[in-house]
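One letter stands for each residue in the lines below.
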Amino acid sequence: MSRPDPADERLAGLRQRLQGLAYGGDYNPEQWPAATWREDVRLMHEAGVNLVTVGVFSWGLLEPRPGVYEFGWLDEVMDLLAEAGVGVDLATPTVAPPSWLAHEHPETLPVNGEGRRIAFGSRCHYCQSSPVFRHYAARITERLAERYAGHPALAMWHIGNEYIGFGCHCPVSVAHFRRWLAARYGTIAALNDAWGTAFWGQRYDSFDHVGTPAARSRTVSGPNPGQLLDFARFSDAAALECYSAERDIVRRHTPHLPVTTNFMGSFKHLDYWRWAAEEDIVSLDIYAGPQDPEGPLLAGYNFDLMRSLRGGKPWLMLESATGRNLTDGRNHARPAGQLRPRSLQAVARGADSVMFFQWRASRAGAERYHSAMVPHGGARTRTWREVTALGRDVARLADLSGGVCDPAEVAVVWDWESWWALESPDHPSNDLRFTDRLLDHYRPLWNANIAIDFVRPDSDLSGYRLVVVPNLYLVDDTGADNLTGYVRAGGHLLMSYFSGIVDEYDRVRPGGHPGAFRELLGIEIDEFAPMRPGETCGLRHAGHTGTATEWQDVIDLAGAEALAAYADGELKGLPAATRHRFGTGTATYLGTSPDRETLRRLVLDCVTGAGVTPVLDTPEGVEAVRRRAADGTEHLFLLNHTTDEVTIDLVTGPDRPVDLLAGDAPEPVTGRLRLPPFGAAVLRDVPANHL
Ligand code: GLA
């Protein structure tokens, strides 16, 4: 019998306290006079806020001089929030070390690959290997934890903020990197072998001679790929050490409370599979552009990733924007009404919260133009009306707290190490981007309302009808054997180009490409033929003619059959996509980037072949997702991301479902459901076989 996960018990306590989904945001009271705090608490009550993240950037205010603490203001804020019944997700403030630390210990400021020290004046200005930084970070964490451990407002812990895994090149980091390499390889001979240092005579005689990989501007030719990859691993691991040290401190004081740190979704530099295993609940900050027509798609795959990181368990959306982000040169307002479907989308895909950065818009500081729950115009604004209405929606979905989405029928492989290696320089094409490749494959699935889970190459795949591998440039033997075994045992797999090429040290697998998957795919590739930017080539698939761009593999069939072929150009008539019956399963391979329509056809062909069913057929831009309540009742979310009114035909069974968002005494829904522009419905008790 498996032992209960202590995280589940901690989260049960949080759910008990919240009595529903969490609603709120980052609250930065230190930017405001105490009179505003009272107004804040009154407005929080009006909006239905029950959880706020406090203290993320407060170190310089809590410890204005080394060892001198000013907790009075935070005591007062915590008391006010406790009285108002608002829980606090209390942050360790270590992402923003105080100015005195930078002044007295400039060696705690990190050094970039150009050899330049990062200056004080923004945030994240610390070397994650620095024992001095770690000492002071542990000290403020300890003080906070001992002071607030028994405070009634304290609901959970938020360690740091958006760890970035800054690859630091200072002497302390170099020494740390050497220790990390020595632990990984044991002997310098093993490192030389892994990094292939015979090339360009880079052989090392001692770990003491190894450095961090310098920026390209400081070298004459390209870097060593093994060194680059290990530095990415090391920088991730060093950040995780910082997180874990603070987590262990707060856990000692409050073993019953959940701990998290906010992820940035498809963020390249941290292997969130490893991080998720170190926290009680996964949480996400998401800033998909309000005017981006693909915003819901971009948010959707991030939400699916968060749900997948802890095997389908609920996660928290800790930050999003009520309106404008500050991510681009021109940052647009959010169209009226869009907040509702965009926020509920997270709940549909497994979030137990809707939260924002930030509660009240700042008057000063770098993010003074970032949107907030309480905008500069206060409670007379449209945003405030939408925020309070959304609070009512979130309250109506209370039963979903703790509920899960059923495992999907389609899995999509996501591997950070492969991502790092794919985007390392000196490849046949340096333009391949992991998230572009991923989105190409996710897009047709999302548009067809086909649920997916993300998995690792070595995950248990036996429950999936189809496994999609958009790109898996690097794979170790365990991952390769797992994917091969899945197909052998009857699974359907779709894999795209430049996969299975190198081992875990970024060394080319011998015997021709794609080394790890030649047998599985029944093909041999002796040449990669990347296309020039903008170049296209005709592509024929099942009577349809489309175009190919970016990349062409020169494929020799070695057991597979051609599924699509090039219609012109140098490779005219040669296979562009193949299919191979392997064991009792089927492996489909794409050797190029087809245009969107052709790729949609190819992906949906695999979906149909695997017997996968969509949640529901809906008009374009209307998302249909299923999620269960904590008691197992099925809910169907229908979210209209468009500015048009849409109607959806529902074949409802005898027990007509109720739309939980339709007010306090909703009528059962029959036949046609009308959704206004940016409309949303959550139909309760709609079993999958009912529609
Ligand atoms: C991130 C950070 C916040 C804030 C927001 C908005 O998610 O965690 O502190 O900077 O972005 O830009």
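Structure report, in brief. (Residues numbered from 1 in each chain as written. Predicted model: local features only at pLDDT ≥ 70, side-chain atom pairs only at ≥ 80, totals over all residues. Heavy atoms only, no water.)

**With respect to the pattern of salt bridges**
So, point 1. In the structure shown here, the tally under the stated rule is 51 salt bridges.
So, point 2. Of the charged contacts, one joins Glu241 and Arg134 as a salt bridge, the two residues approaching to 2.9 Å between their closest N and O atoms. Of this pair, Glu241 sits in helix H9 (residues 225-253) while Arg134 sits in helix H6 (residues 131-148); the two residues are 107 residues apart in sequence, bridging distant segments of the chain.
So, point 3. Accessibility expressed as a relative area gives 32% for Glu241, which makes it partly exposed.
So, point 4. The closest approach of N and O atoms between Arg247 and Glu278, which form a salt bridge, is 2.8 Å. (Salt bridge = Lys/Arg side-chain N within 4 Å of Asp/Glu carboxyl O. Helix = DSSP H or I, 4+ residues; strand = E, 2+ residues; numbered from the N terminus. Buried < 20%, exposed > 50% of the residue type's maximum accessible area, 1.4 Å probe, protein only.)

**Focus: unusual backbone geometry**
For residues besides glycine, phi is generally negative; the peptide bonds are generally trans as well.
So, point 1. The residue after Phe357, namely Gln358, is reached through a cis peptide bond having omega 0°.
So, point 2. Secondary-structure assignment places Gln358 in the loop between strand E9 (353-356) and helix H13 (382-396).
So, point 3. Backbone torsion omega between His513 and Pro514 reads -15°, so that peptide bond is classified as cis.
So, point 4. You will see that Glu162, though not glycine, has its phi angle at about 40°, which is positive.
So, point 5. Mapped onto the secondary structure, Glu162 falls in the loop between strand E4 (154-158) and helix H7 (171-185).
So, point 6. Residues other than glycine seldom take positive phi values, yet Glu550 does so here, at roughly 75°.
So, point 7. Position of Glu550 relative to the elements: it lies in strand E16 (residues 544-557).
So, point 8. Overall, the relative accessible area of 36% leaves Glu550 in the partly exposed class.

**Structural notes on the packing of helix H4 (residues 72-83) against H6**
So, point 1. Axis separation between H4 and H6 bottoms out at 12 Å; the angle between their running directions is 40°. What the angle tells us is that H4 and H6 run oblique. Here H4 runs over H6; the crossing is right-handed. Touching Leu74, Asp75 and Met78 of H4 are Leu144, Arg147 and Tyr148, all from H6.
So, point 2. For the contact of H4 with H6, a count of residues per class yields 4 nonpolar, no polar and 2 charged. (Axes fitted to C-alpha atoms, helices over the stretch in contact; angles between N-to-C directions. Parallel < 35°, antiparallel > 145°, perpendicular 65-115°, else oblique. Left-handed = near helix turned anticlockwise from the far one by under 90°. Contact = heavy atoms within 4.5 Å. Nonpolar A, V, L, I, M, F, W, Y, C, P; charged D, E, K, R; others polar.)

**Here's the deal with the side chain of Ser499**
So, point 1. Relative to the assigned elements, Ser499 resides in the loop between strand E13 (492-496) and helix H17 (518-521).
So, point 2. Residue Ser499 is classed as buried on the basis of its relative accessible area, which comes to 1%.
So, point 3. Look past the residues within four positions of Ser499 in its chain and what remains in contact with it is Asn471, Leu472, Tyr473, Pro514 and Phe517.

**A closer look at the site of the ligand**
So, point 1. What surrounds the ligand is the set Phe57, Arg123, Asn161, Glu162, Asn262, Asp285, Tyr287, Glu319, Phe357, Glu367 and His370.
So, point 2. In the model, an oxygen atom of the ligand is placed 2.8 Å from a nitrogen or oxygen of the Arg123 side chain.
So, point 3. Protein chains bury 92% of the 300 Å² of accessible surface belonging to the ligand in isolation.
So, point 4. Tallied by class, residues from the shell around the ligand come to 3 nonpolar, 3 polar and 5 charged. (Near = heavy atom within 4 Å. Polar contact = N/O pair within 3.5 Å; in protein donor to acceptor, adjacent residues only side chain to side chain. Areas by Shrake-Rupley, 256 points an atom, 1.4 Å probe, with all protein chains shown as cover.)

**Notes on the state of the cysteines**
So, point 1. Per the stated rule, a full pass over the model turns up 0 disulfides.
So, point 2. Left unpaired, Cys127 is separated from the closest cysteine sulfur, that of Cys170, by 3.8 Å.
So, point 3. Residue classification places Cys127 among the buried positions, given a relative accessible area of 0%. (Disulfide = S-S within 2.5 Å.)

**Examining the packing of aromatic side chains**
So, point 1. If you walk through the whole model with that rule in mind, you get 35 aromatic pairs.
So, point 2. A centroid spacing of 5.0 Å and a plane angle of 35° characterise the contact between Trp419 and Phe434, whose relative ring orientation is tilted. Residue Trp419 is found in helix H14 (residues 416-422), and its partner Phe434 is found in helix H15 (residues 434-447); the two are separated by 15 residues along the sequence.
So, point 3. Here Trp419 falls in the buried class, since its relative accessible area comes to 3%. (Phe/Tyr/Trp six-rings, centres within 6.5 Å; stacked < 30°, edge-to-face > 60°.)

**Some details on a negative patch on the surface**
So, point 1. Taken together, the side chains of Asp399, Asp631, Asp655 and Asp685 make up a negatively charged region of the molecular surface.
So, point 2. With respect to the helices and strands, the residue Asp399 is situated in the loop between H13 and strand E10 (410-413).
So, point 3. Judged by its relative accessible area of 54%, Asp399 is exposed. (Patch = residues over 30% accessible without salt bridge, like charges linked within 9 Å, V, L, I, M, F, W, Y side chains within 5 Å. Lys, Arg positive; Asp, Glu negative; His and termini not counted. Charge placed at Lys NZ, Arg CZ, Asp CG, Glu CD.)

**Some details on the pairing of E10**
So, point 1. Alternating residues of E10 divide into Val410 and Val412 and Ala411 and Val413, and every residue in both groups is buried.
So, point 2. With 4 bridges connecting them, E10 and strand E11 (residues 452-455) associate as parallel partners. If you follow Ala411 over to E11, its bridge partner there is Asp453.
So, point 3. Across 3 bridges, the pairing between E10 and strand E12 (residues 466-469) is parallel. Within E12, the position partnered with Val412 by the bridge is Val468. (Pairing = 2+ DSSP bridges.)

Shape is all these values report; function is a separate question.
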